[in-house]
Amino acid sequence: MTGTADTRVSPLEALAGASGVAFPQLLAAREATGVELAARRRALRDVPVDAGVAVVLMGSWGRGEVTSGSDDDVLVVTTGAPGPGVRPALEDLRGVVGGATGSQGIFNTTVGVDDLCRFGLADDDNANTTRRLLLLLESAPLLGAPAYERALRTILRSYLAGDRRDRRPPRFLLNDVIRYWRTITVDFEGKLRSGGGQKWALRVAKLRTSRTLLFAGGLLPVLECHHVVADEVEDLLLDAFRLPVTDRVAAAFLAYDA
């Protein structure tokens, strides 16, 4: 996540050794993503960052699968109010991040953690749900790593509040992960029906691979909470969500000798 060398064996590497099936493309993409993250951090090293602010990249950056065609799905996340004085402003990042990010207005904006923790009802629209779940399940900090960690913990604690039982998966978080997957599949059909058929092949490929892995990478750690007491759930989930999604899935294969 830091873009520095890490000599530990990842679950994906361990699965490759245990199964005899190599994953050269995934591992090479991880290395390339780390190099790109480190280069962008160097390019932004003089940008002022408030203590409660993180600049976060989503999607392929969070999966460790950046390619030359990847978008810069960026959010400036603040643990305080997202007012005009928050640093860095999006303009401070121009030239280093800010590639095409789709037409739905989900990324390239500043959001407050309190807003992301609005669950359900009218305020929790498609954009808010997407930002919250991607921040938790598929993101990487570009700047402000301490604030990023606090944001993850705040969101997770909001899910777990009032939902504490020993050896029981947290149902509120489980329901939202499932709801987000269903939103993805409904939006897939909606984009096709609204004239997005020219990108059909790319959308299907994403739905069957990265989007499905996103769902599995949220579902599996939540179900693993069946094995721990309530006081251990938060740290178990945070440790899992810090890993790339393919590591979370690989860890499940290893744990169950599959």
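So, a few notes on the structure that sits alongside this text.

Reading the values: rules and limits
Each residue is numbered by its place in its chain's sequence as written, counting from 1. Under the rules for a predicted model, residues below a pLDDT of 70 receive no local features and side-chain atom pairs below 80 are neither given nor counted, while totals for whole chains, interfaces and linings still include all residues. Side-chain metrics in this entry use all non-hydrogen atoms of the structure; hydrogen atoms and water are not considered. A run of H or I in DSSP counts as a helix once it spans at least four residues, and a run of E counts as a strand once it spans at least two, with each numbered from the N terminus. Helix span, expected: 1.5 Å multiplied by one less than the number of residues in the helix. Whether a residue is buried, partly exposed or exposed follows from its accessible area with a 1.4 Å probe, protein chains only, as a fraction of its type maximum: under 20%, in between, or over 50%, in that order. Here a strand pair is declared whenever DSSP counts at least two bridges between the two strands. Structural elements are reduced to axes, namely lines fitted to C-alpha atoms, with helices fitted over the stretch in contact, and the angle between N-to-C directions of any two is expressed from 0 to 180 degrees. Two residues qualify as a contact provided that any one of their heavy atoms is within 4.5 Å of a heavy atom in the partner residue. Only buried residues count toward a nonpolar core, which is a set of Ala, Val, Leu, Ile, Met, Phe, Trp, Tyr and Cys residues joined through side-chain atoms within 4.5 Å.

### Here we look at helix α6 (residues 145–160)
Here α6 is 16 residues long and its end C-alpha atoms lie 23 Å apart, about the 22 Å a rise of 1.5 Å per residue gives. Of all the positions in α6, only Ala147, Tyr148, Ala151, Leu152, Ile155, Leu156, Tyr159 and Leu160 are classed as buried. In the stretch just after α6, Gly162 is the one whose phi turns positive, near 75°.

### Overview of the sheet that holds strand β4 (residues 139–143)
In a beta sheet, neighbouring strands pair by backbone hydrogen bonds and run either parallel or antiparallel. Reading across from one edge, β3-β2-β1-β4 is the order of the four strands in this open sheet, with mixed pairing throughout. Strands at the two margins of the open sheet, each flanked by one partner only, are β3 (109–112) and β4. The average undirected angle you get between the axes of adjacent strands in this sheet is 35°. Of the pairings in the sheet, the one linking strand β2 (residues 74–78) to β3 comprises four bridges and is parallel in character. Considered in β3, the bridge of Val76 is made with Thr110. Contacts from helix α5 (residues 126–137) reach β1 (53–58), β2, β3 and β4 within the one sheet, and its direction differs from that of β1 by about 90°. In this fold α6 packs onto β1, β2 and β4, with an angle of close to 145° to the strand it touches most, β4.

### Considering the nonpolar core
In this structure, Val77, Leu135, Leu136, Ile155, Leu173 and Leu237 are the most contacted members of the largest nonpolar core, which totals 42 residues. Element by element, the count of residues in this core is highest for α6, at eight residues. Not counting the four nearest positions on each side in its chain, Ile155 is found in contact with Val113, Leu116, Cys117, Arg132, Leu135 and Leu136. Of all hydrophobic cores here, the second largest spans 17 residues; its members include Leu57, Val66, Val74 and Leu90.

### Notes on the pairing of β1
Of all six residues in β1, six are buried, a share of seventy percent or more. Burial along β1 is two-sided: Val53, Val55 and Leu57 and Ala54, Val56 and Met58, pointing in opposite directions, are all buried. Where β1 lies against β2, five bridges are found, and the strand directions are antiparallel. Within β2, the residue paired with Leu57 across the bridge is Val74.

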